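# Coordinates in review
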Amino acid sequence: MKRKTKKESFKTALRKDLKKNSFAYLLLVPVLLWYIVFCYAPMWGVLLAFKDYKPLLGFAESQWVGLRHFKDFLSGPFFGRTVRNTFMLNIWGLAFGFTSPILLALLLNEVKAMRYKKIVQTITYMPHFISLVVICGMIHIFTQSGGILTQLVEWITGTEHASLLGYANMFRPIYTFSGIWQNIGWDSIIYLSAMSSIDPGLYEAAEIDGAGRFRKMWHVTLPQISPTIIILFIFAVGGLMASGHEKIILLYNSLTYETADVIASYVYRRGLQEASYSFATAVGLISSAVNFLLLWFTNRVSKKYSEISIF
């Protein structure tokens, strides 16, 4: 009797699994369709970056221009400003926005009163479910002349201010810390989930050795959730050259372009407002390529020194 090859064995096992778990595979179909239609099918659009696209001529009849749009952006007057602002906003996000949920999760993990813990979690989760447009409207109210944040800044500095969103040097703090307020509770969930799987015996052993709360947090909790932190950090670094343009567009103005105009908002203005579709596609493609390189590099460094990686 002939032995089955690996290929035949795989086909037989796959056929049995499909038959046994047919309903589960059926549930997977809408997800695959969504990714195909909305994620993979539109990828042909990157070819616009290499054409001088004219809507009246259509994609096929528009002229090929090669790397002209890439050269125009890299040598253009806004290249330095948009790259610097994008990088700086995300560095602020890494320094404050990435660490804040970890600190909140560590503090909540030390709370023994469950009722108080649930109240704090509910309060910190709530801003995440508020519409971004409403959030930005609230920020405009808080930072306008006479707003609560404006009054606080005036009390600290001792000088009068108009709307804080009219000062270029105030945009990064407002953008970053409003983002923390909006997402700190929601982002802490994954860390709390990781902490819930820590073996209680580790805390007991540390307590027997004389460790207090802070030392247990430092020597037990943080090392145990470090794989989660590292994976999320890799993704965060992989998005250093990408910023959510919706919130920036709702908050910035011509007075704050010097610190607020990022690649995404520049692409929005050139692509939609000025109808330079090919140029905007080229800029977006450059940003995506840089993000991929950052992701690959960070993942490689993490894999080398901590043996934790996403691929």
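Residues numbered from 1 in each chain as written. Predicted model: local features only at pLDDT ≥ 70, side-chain atom pairs only at ≥ 80, totals over all residues. Heavy atoms only, no water.

## Describing the pattern of salt bridges
A complete count under the given rule lists 8 salt bridges for this structure. Glu-110 serves as the salt-bridge partner of Arg-213, at 3.9 Å between the closest nitrogen and oxygen. Of this pair, Arg-213 sits in helix H11 (residues 213-237) while Glu-110 is found in helix H5 (residues 79-110), placing the two residues 103 residues apart along the sequence. A relative accessible area of 14% places Glu-110 in the buried class. The closest approach of N and O atoms between Glu-274 and Arg-270, which form a salt bridge, is 3.1 Å. Under the relative-accessibility criterion, Glu-274 is labelled partly exposed at 49%. For Arg-270, a relative accessible area of 21% corresponds to the partly exposed category. Each of Asp-52, Lys-54 and Arg-68 takes part in a single network of salt bridges with overlapping partners. (Salt bridge = Lys/Arg side-chain N within 4 Å of Asp/Glu carboxyl O. Helix = DSSP H or I, 4+ residues; strand = E, 2+ residues; numbered from the N terminus. Buried < 20%, exposed > 50% of the residue type's maximum accessible area, 1.4 Å probe, protein only.)

## Side note on unusual backbone geometry
Excluding glycine, residues mostly carry a negative phi; peptide bonds, for their part, are mostly trans. Positive phi outside glycine occurs at Ala-275, with the angle close to 60 degrees. Secondary-structure assignment places Ala-275 in the loop between helix H14 (263-273) and helix H15 (277-306). Accessibility expressed as a relative area gives 40% for Ala-275, which makes it partly exposed.

## Observations regarding the packing of aromatic side chains
What describes a pair of aromatic rings is the distance from one ring centre to the other and the angle between the planes of the rings. Applying the stated rule across the entire model yields 16 aromatic pairs. An angle of 15 degrees between the planes, with centres 6.4 Å apart, marks the rings of Phe-214 and Trp-218 as stacked. Of this pair, Phe-214 and Trp-218 both sit in helix H11, 4 residues apart, roughly one helical turn. Of the residues examined, Phe-214 reaches a relative accessible area of 60% and is grouped as exposed. With relative accessibility at 52%, the residue Trp-218 sits in the exposed group. Counting every residue linked through ring pairs, the aromatic cluster contains Phe-73, Phe-78, Phe-79, Tyr-266 and Phe-279. (Phe/Tyr/Trp six-rings, centres within 6.5 Å; stacked < 30°, edge-to-face > 60°.)

## Digging into the environment of Asp-72
Along the chain, Asp-72 turns up in helix H4 (residues 68-74). Residue Asp-72 is classed as partly exposed on the basis of its relative accessible area of 39%. Asp-72 sits 190 residues away from Val-262 along the chain, and the two C-alpha atoms are 17 Å apart.

## A closer look at H5
Taking 1.5 Å of rise per residue, 32 residues should cover 46 Å, and H5 covers 46 Å from first to last C-alpha, within 8% of that figure. The sharpest bend along H5 comes to roughly 35 degrees, located at Leu-94. (Expected span 1.5 Å × (residues − 1). Bend = angle between axes of the 7 residues up to and from the residue.)

## What to know about the environment of His-140
Here His-140 is to be found in helix H7 (residues 132-143). The spatial distance from the C-alpha of His-140 to the C-alpha of Ser-163 is 8.2 Å, given a sequence separation of 23 residues. Not counting residues up to four positions away in its chain, the partners in contact with His-140 are Leu-165, Leu-250 and Leu-251. Of note is the side chain of His-140, whose polar atom sits 2.9 Å from the backbone oxygen of Leu-250. (Contact = heavy atoms within 4.5 Å. Polar contact = N/O pair within 3.5 Å; in protein donor to acceptor, adjacent residues only side chain to side chain.)

## Concerning the nonpolar core
The biggest cluster of nonpolar side chains holds 25 residues, and the ones touching the most others in it are Tyr-191 and Met-195. Contributions of two or more residues to this core are made by H5, helix H6 (114-125), helix H9 (168-196), helix H10 (200-208) and H11. Examining the composition of this core, we find that 7 residues originate from one element, H5, more than from any other. (Core = buried A, V, L, I, M, F, W, Y, C linked by side-chain atoms within 4.5 Å.)

## A look at the side chain of Thr-256
With respect to the element layout, Thr-256 can be found in the loop between helix H12 (245-251) and helix H13 (257-260). Given the relative accessible area of 0%, Thr-256 is considered buried. In contact with Thr-256, not counting residues within four places along its chain, are Leu-165, Gly-166, Tyr-167, Ala-168, Phe-171 and Asp-261.

## Overview of the packing of H11 against H15
It is at 8 Å that the axes of H11 and H15 come closest, and there the two elements cross at 155 degrees. Taken together, the axis directions place H11 and H15 in an arrangement best described as roughly antiparallel. Handedness of the H11/H15 crossing: right-handed. Seen from H11, the contacting residues are Ile-230, Phe-233, Ile-234, Phe-235 and Val-237; seen from H15, they are Leu-294, Leu-295, Thr-298, Asn-299, Ser-302 and Ser-306. Split by residue class, the contact of H11 with H15 holds 7 nonpolar, 4 polar and no charged. (Axes fitted to C-alpha atoms, helices over the stretch in contact; angles between N-to-C directions. Parallel < 35°, antiparallel > 145°, perpendicular 65-115°, else oblique. Left-handed = near helix turned anticlockwise from the far one by under 90°. Nonpolar A, V, L, I, M, F, W, Y, C, P; charged D, E, K, R; others polar.)

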